[in-house]
Amino acid sequence: MAARDDARAALSAALPVMLGYAAIGVPCGVMAAEVGLPPLAAFLLSATFYSGAGQFMMASLALAGTPVASMVASVALVSTRQLLYSAALSPYLASAPRPLAALFAATVTDESFGVNLERLAGDASWTPERATLVNLMSMLAWALANALGALVGPVLAIPTAIMSFAMTSIFVCLLAGQRWVARTIAAAATAAVAVVGLKAVGAGSLAVLLGALAGVAAGLAVGERGGRGGEGA
């Protein structure tokens, strides 16, 4: 019964992410087909290398004829944001069994991070088991969508602009669903301004990482100030 309740709760939390992954996974699979990956290979890659942004980047760089060493370095740089996720989530997984914690850590993505962090921080019933199920359900949806895209890719022609915006739209939806308190507004505004500014001065892939760090710092600063104000009151 407990396992069924966990699965039901996890599915309810993961469903928006799964639907979003279905929408952007197909274009990613189409790009995988363009570089020669068959559906099974696209599925296995998506299930073991769980970085949607990295997969889009790899396909784009491969189509552009980028050397493998440069591809690896670029994808690794973009994926450094996972360090932030680990730091934020580790306190909630401290008491989880080591194998479960390892599985959870290996399957965290941007979207499942947002879903799980909100619940781990504010819902006492949200366990590491449920959080891991959210990751796995999201991963399965992403991998299946990629395989479907690779299967139908040869007969589809999806504009590049749509492919690019599909991933951005998921982050917009997740942001819109947040509680708009002072800390959230400060983090979102600071990150947005920082990324745009860094892109404008040619920071390239570093803009996302540095912008995220700036947003986190702003959110922490506002939250700390609010906490001190509450204590003083």
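These numbers were taken from a predicted model, which means no experiment stands behind them.

The rules we used
- Residues numbered from 1 in each chain as written.
- Predicted model: local features only at pLDDT ≥ 70, side-chain atom pairs only at ≥ 80, totals over all residues.
- Heavy atoms only, no water.
- Helix = DSSP H or I, 4+ residues; strand = E, 2+ residues; numbered from the N terminus.
- Core = buried A, V, L, I, M, F, W, Y, C linked by side-chain atoms within 4.5 Å.
- Buried < 20%, exposed > 50% of the residue type's maximum accessible area, 1.4 Å probe, protein only.
- Contact = heavy atoms within 4.5 Å.
- Axes fitted to C-alpha atoms, helices over the stretch in contact; angles between N-to-C directions.
- Parallel < 35°, antiparallel > 145°, perpendicular 65-115°, else oblique.
- Left-handed = near helix turned anticlockwise from the far one by under 90°.
- Nonpolar A, V, L, I, M, F, W, Y, C, P; charged D, E, K, R; others polar.
- Phe/Tyr/Trp six-rings, centres within 6.5 Å; stacked < 30°, edge-to-face > 60°.
- Lys NZ or Arg CZ within 6 Å of the ring centre and 35° of its normal.

Draft legend 1. The environment of P154, seen in detail. If you trace the backbone, P154 turns up in the loop between α8 (128-152) and α9 (160-176). In sequence terms P154 and A33 are 121 residues apart; their C-alpha atoms lie 7.1 Å from each other.

Draft legend 2. Quick peek at the nonpolar core. Ranked by internal contacts, the top residues of the largest apolar core, which has 28 residues, are L89, F104, V108, W126, V134 and W142. Sorting the residues of this core by element identifies α1 (2-34), α3 (52-63), α5 (82-89), α6 (98-106), α7 (110-122) and α8 as the ones contributing at least two each. A total of nine residues in this core trace back to one element, the largest contributor, which is α1. Excluding residues within four positions of it along the chain, V134 makes contact with A10, A13, A14, S112, V115, N116 and W126.

Draft legend 3. Up close: the packing of α7 against α8. One can describe the packing of α7 onto α8 by two numbers: an axis separation of 10 Å at closest approach and a directional angle of 160 degrees. With respect to α8, the element α7 is oriented roughly antiparallel. Note on packing geometry: the crossing formed by α7 with α8 is right-handed. The segment α7 lies against α8, with S112, V115 and N116 engaging A131, V134 and N135. Residues of the contact of α7 with α8, tallied by class, amount to three nonpolar, three polar and no charged.

Draft legend 4. Geometry of the packing of aromatic side chains. With the rule as written, the count across this model stands at one aromatic pair. Note on Y21 and W142: the rings are 5.5 Å apart at their centroids and 65 degrees apart in plane angle, and the pair reads as edge-to-face. One end of the pair, Y21, is in helix α1; the other, W142, is in helix α8, and 121 residues separate them in sequence. Here Y21 falls in the buried class, since its relative accessible area comes to 3%. The cationic tip of R119 hangs over the ring face of W126; the distance from NZ or CZ to the ring centre is 5.6 Å.

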